[in-house]
Amino acid sequence: MPDSCGRELLPVTLSGWLELLEARHGASICLGLERVSKVLAALGSSSDAVVIIVGGTNGKGSICAMLETILRAEGYRVGCYNSPHLLRYNERVRIDGAEASDEVLAAAFADVEMVRGGVPLTYFEHGTLAAWKVFCAAQLNVVILEVGLGGRFDAVNAIDADCAIVSGVAMDHTDYLGDTREAIGFEKAGIFRAGRPAICGDPQPPQSLVECAQTIGAELWILGRDFGFNGNRQQWSYWRNGTSSSTRLGDTLVKRGGLAYPALRGANQLFNAASAMAALDALRMRIPVSMQAIRQGLMQVELPGRFQVLPGRPQVVLDVAHNPQAAEVLAKNLGELGFAPETWAVFGMLADKDVEGVAMRMNVRVDHWLPCGLPGPRGIDAGALIGRLRAAGIEESKIAEGFATPADAFARAQEHAAVDDRIVTFGSFLTVAGVLAEI
């Protein structure tokens, strides 16, 4: 709102800043680094911390959480930036595991506003620069930055990284990144840096990603070739080949066995844990980490909404899976949870996602679909979602009437689910957030 002279009055609270930025740009996506790099230079904030950027289609949040918990167990001061959040914006910016306060974030938003001049910034870009401002003032040892979308033109890529991780490459955000794995792989590889470790947690990466790393001279480590894991039902082991891609490590093969499974559920978490350990191996001369810290960190790591199983009966599972690859992993993980007579799915997705692909992969695990609407311009209302479930070939008898919100759908599931049944909430961060807020 402008003052009597027509000047825009700037907020003093975090909620005020978020409302202002949403009003300016909403949830718009505007890829490119020129604008954010210009404001970053004007901000003038710098840090001696080791910077790790984590991208990829799925799993990047889990890798960030594992790195954060392990490094904190070793005694390092760690900043971690993630998106999106579930319940509070403060979740996006953590220092030593604690969310940044409203006051600290509001001040950082104001600092960015002060130097941006006439340069337009999106909601995400402004928030990324504010997070960097907070981290630079905190005298940290390590900063972990999660890519929001893609990599090459994502706002976090304006910040120089000592190590980059791509968790994997699958089909998502095709309107922005391209409609093939090769195109998407090229965008993901944009976070790699010349002469620095580039960790790839995809055992079959697109050739475009490999070629990008080779072209710029990044030190590429690929899961299954340069590092990997083995495991049984009780424990797992990590290995790293020191000769195939990183001869300067000075050894031929390193094995670290007897590891407890990560506290994050799902067999796919070993891909993420191995990628995190590879990054720590690559950075061991700057931030050495003991096996005790690794074990402690993996056992203590937490991340809401990633195959999160809540206590009580009927069993409640929360998962932000919102693309076909993540849905396939979720279906597999549900199959390994044990028998449930019936599974009730609280399901909401955004319009620009592959609703049909997600539904087809999950249908084998779902007995009752409870479609719900999601807010915002990208959200699908329940009626339209029912239409897309039908288009995916979901049996009419399995689809309930639509619900206005995830909370309404969850309430219906609680009313009808038997004590031994399972309720799974998935399809979007917004779907999980709506149920978490109700719980």
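Everything numeric in this text was worked out from a predicted model, so none of it was measured.

## Some remarks on the pattern of salt bridges
Evaluated as defined, the whole model comprises 22 salt bridges. For Arg181, the salt bridge identified is with Asp202, shortest N-O distance 2.9 Å. Of this pair, Arg181 sits in helix H7 (residues 181-188) while Asp202 sits in the loop between strand E7 (197-200) and helix H8 (207-216); the two residues are 21 residues apart in sequence, bridging distant segments of the chain. Accessibility expressed as a relative area gives 10% for Asp202, which makes it buried. Among the ionic pairs, Arg225 bridges to Asp226, the shortest N-O distance being 2.8 Å.

## With respect to the sheet that holds strand E9 (residues 227-231)
The 3 strands are arranged E9-E10-E11 in an open sheet whose pairing can be described as antiparallel. Looking along the sheet, the strands with just one partner apiece sit at the ends: E9 and strand E11 (253-259). Between one strand axis and the next, the sheet turns by 15 degrees as a mean value, whatever way the strands run. Sheet topology note: the strand E10 (residues 236-241)/E11 ladder contains 5 bridges and is antiparallel. Its bridge partner lying in E11, Arg240 is registered against Val254. On the sheet, helix H10 (residues 291-300) packs against E10 and E11 and is oriented at approximately 45 degrees with respect to E11.

## Details of the pairing of strand E6 (residues 163-166)
Neither face of E6 is exposed, since Cys163 and Ile165 on one face and Ala164 and Val166 on the opposite face are all buried. Two strands pair when backbone bridges link them, and strand E1 (residues 50-55) and E6 are joined in this way by 4 bridges, in the parallel orientation. If you follow Ile53 over to E6, its bridge partner there is Ala164.

## Some details on the state of the cysteines
Tallied over the full model, the rule gives 0 disulfides. Take Cys163: it sits in no disulfide, and the sulfur closest to it among the cysteines is that of Cys64, at 11 Å. A relative accessible area of 1% places Cys163 in the buried class. Here Cys200 is not disulfide-linked; the sulfur of Cys212 is the nearest cysteine sulfur, at 12 Å.

## Things to note about the packing of aromatic side chains
Taken as a whole and judged by the stated rule, the model has 8 aromatic pairs. Both rings, one in Phe347 and one in Trp369, keep their centres 5.1 Å apart while their planes meet at 75 degrees; by these two values the pair is edge-to-face. Taken together, the residues Phe347 in strand E14 (residues 343-347) and Trp369 in strand E15 (residues 368-371) connect sequence positions 22 residues apart. Taking the relative accessible area as the measure of exposure, Phe347 reaches 0% and is therefore buried. Judged by its relative accessible area of 0%, Trp369 is buried. Three or more aromatic residues joined by ring pairs form one cluster here, namely Trp17, Tyr89, Phe109 and Tyr123.

## Some points on the pairing of strand E8 (residues 219-222)
Side chains Glu219 and Trp221 project from E8 onto one buried face, and the interleaved Leu220 and Ile222 project onto a second face that is buried too. Where E7 and E8 come together, 4 bridges link them in parallel fashion. Looking at the pairing, Cys200 lines up with Ile222 of E8. Chirality of the crossover, the property in question, places the unit of E7, H8 and E8 among those that are right-handed.

## Focus on the nonpolar core
The biggest cluster of nonpolar side chains holds 61 residues, and the ones touching the most others in it are Leu145, Phe192 and Leu220. A total of 9 residues in this core trace back to one element, the largest contributor, which is helix H5 (residues 123-136). Once residues within four sequence positions are removed from consideration, Phe192 is found in contact with Ala164, Val166, Ala198, Leu209, Ala213, Ile216, Ala218 and Leu220.

Conventions and cut-offs
- Residues numbered from 1 in each chain as written.
- Predicted model: local features only at pLDDT ≥ 70, side-chain atom pairs only at ≥ 80, totals over all residues.
- Heavy atoms only, no water.
- Salt bridge = Lys/Arg side-chain N within 4 Å of Asp/Glu carboxyl O.
- Helix = DSSP H or I, 4+ residues; strand = E, 2+ residues; numbered from the N terminus.
- Buried < 20%, exposed > 50% of the residue type's maximum accessible area, 1.4 Å probe, protein only.
- Pairing = 2+ DSSP bridges.
- Axes fitted to C-alpha atoms, helices over the stretch in contact; angles between N-to-C directions.
- Contact = heavy atoms within 4.5 Å.
- Disulfide = S-S within 2.5 Å.
- Phe/Tyr/Trp six-rings, centres within 6.5 Å; stacked < 30°, edge-to-face > 60°.
- Right-handed = clockwise from strand over helix to strand, strands pointing away.
- Core = buried A, V, L, I, M, F, W, Y, C linked by side-chain atoms within 4.5 Å.

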